[in-house]
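# A look at the structure
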Amino acid sequence: MLVSVTEMLQKARKEKYAVGQFNINNLEWTKAILLTAEECKSPVILGVSEGAGKYMTGYKTIVGMVNGMLESLNITVPVALHLDHGSYDGALAAMEAGFSSIMFDGSHYAIEENVAKTTELVNLAHSKGVSLEAEVGSIGGEEDGVVGAGEVADPAECKMIADLGIDILAAGIGNIHGKYPENWQGLNFDVLAEISEKTSPMPLVLHGGTGIPEEMIKKAISLGVSKINVNTECQLSFAEATRKYIEAGKDLEGKGFDPRKLLAPGFEAIKATVKEKMELFGSIGKA
Ligand code: 13P
């Protein structure tokens, strides 16, 4: 059964490790992440962006697929199905379809509107036993070829949003989605420490987990980060393994073109990446 992230992340914050949110795109992604979590006895969060939701034909399909796999793969570790960067309407739709956790990203609204919409959604989410992540300070990244620096959130605004009764808080601290540019300044730990102090014991979320150096990940966890989102890194591992298979001409040997064979190296590569992250985040054996 899917669970909200509340309990798993409160435990993580207390015991100083982080639970990975790995974004899914299809059946192979979902199966790879669930099997790795079970093998590692780690709690896990499956992230679904609105774009990935549309790609997989809608939230209901995803809820059906994930619930089916929890049963058929005998998954016993805590699993949350979480909407990533949800709009207001997306949040309502995902809750209605059976997601167990929602991120409402109101970071692009003025703080008053972010507060109003987050308040409305947190009340609704909690009435359904669903957890809610809110965001302050937008997380940059590559959009239309332009790489924006990650914004740094205002700790006072973080406190305002945290006090609304949300379950987890994502705050921009110079992190961005996708690969980091050469001249990236790194995470702003002074601001993270201030946010953490003002909002404690709220579990904090670090977006843009791909490419952040290990020492920075560990330091972020020590300062209250309890959930780390990883998306691009699984995509890169999958693409690299698939490319190698095709470049080696394996799809031309025997029945190597069978999608169950063709997608197997990418599937294994996602498993390896997820395991590596679970080790780094310290969530192995914490289920
Ligand atoms: P990356 O794609 O940089 O790993 O970021 C993932 C993320 O933060 C999803 O919300």
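The structure reproduced in this document is the subject of the present report. (Residues numbered from 1 in each chain as written. Predicted model: local features only at pLDDT ≥ 70, side-chain atom pairs only at ≥ 80, totals over all residues.)

### Comments concerning the site of the ligand
Neighbouring residues of the ligand: 15 residues in total, closest His 207, Thr 210, Asn 229, Asn 231 and Thr 232. Looking at the shell around the ligand, the elements with two or more residues in it are β3 (79–86), β11 (225–230) and α10 (232–247). Of the residues belonging to the shell around the ligand, the class tally is one nonpolar, twelve polar and two charged. (Near = placed C-beta within 6 Å. Helix = DSSP H or I, 4+ residues; strand = E, 2+ residues; numbered from the N terminus. Nonpolar A, V, L, I, M, F, W, Y, C, P; charged D, E, K, R; others polar.)

### Topic: the sheet that holds strand β10 (residues 204–206)
Spatially, eight strands are ordered β1-β2-β3-β4-β5-β8-β10-β11 in a closed barrel, and the strand pairing comes out parallel. The average angle at which neighbouring strand axes cross in this sheet is 25 degrees, direction not considered. For strand β4 (residues 101–104) and strand β5 (residues 131–136), the ladder comprises four bridges, and the chain directions are parallel. What sits directly across from Phe 104, in β5, is Ala 134. (Pairing = 2+ DSSP bridges. Axes fitted to C-alpha atoms, helices over the stretch in contact; angles between N-to-C directions.)

### Points about the pairing of β4
By the alternation rule, side chains of β4 split into Ser 101 and Met 103 and Ile 102 and Phe 104, which are all buried. Judged from the three bridges that link them, β3 and β4 form a sheet pairing that is parallel. Its bridge partner lying in β4, His 82 is registered against Ser 101. Between the parallel pair β3 and β4, the chain is carried across by helix α5 (residues 88–97), and the sense of this crossover is right-handed. Following the backbone out of β4, through helix α6 (residues 111–127) and into the adjacent parallel β5, one traces a crossover that is right-handed. (Buried ≥ 20, exposed ≤ 12 C-beta atoms within 10 Å, placed from the backbone. Right-handed = clockwise from strand over helix to strand, strands pointing away.)

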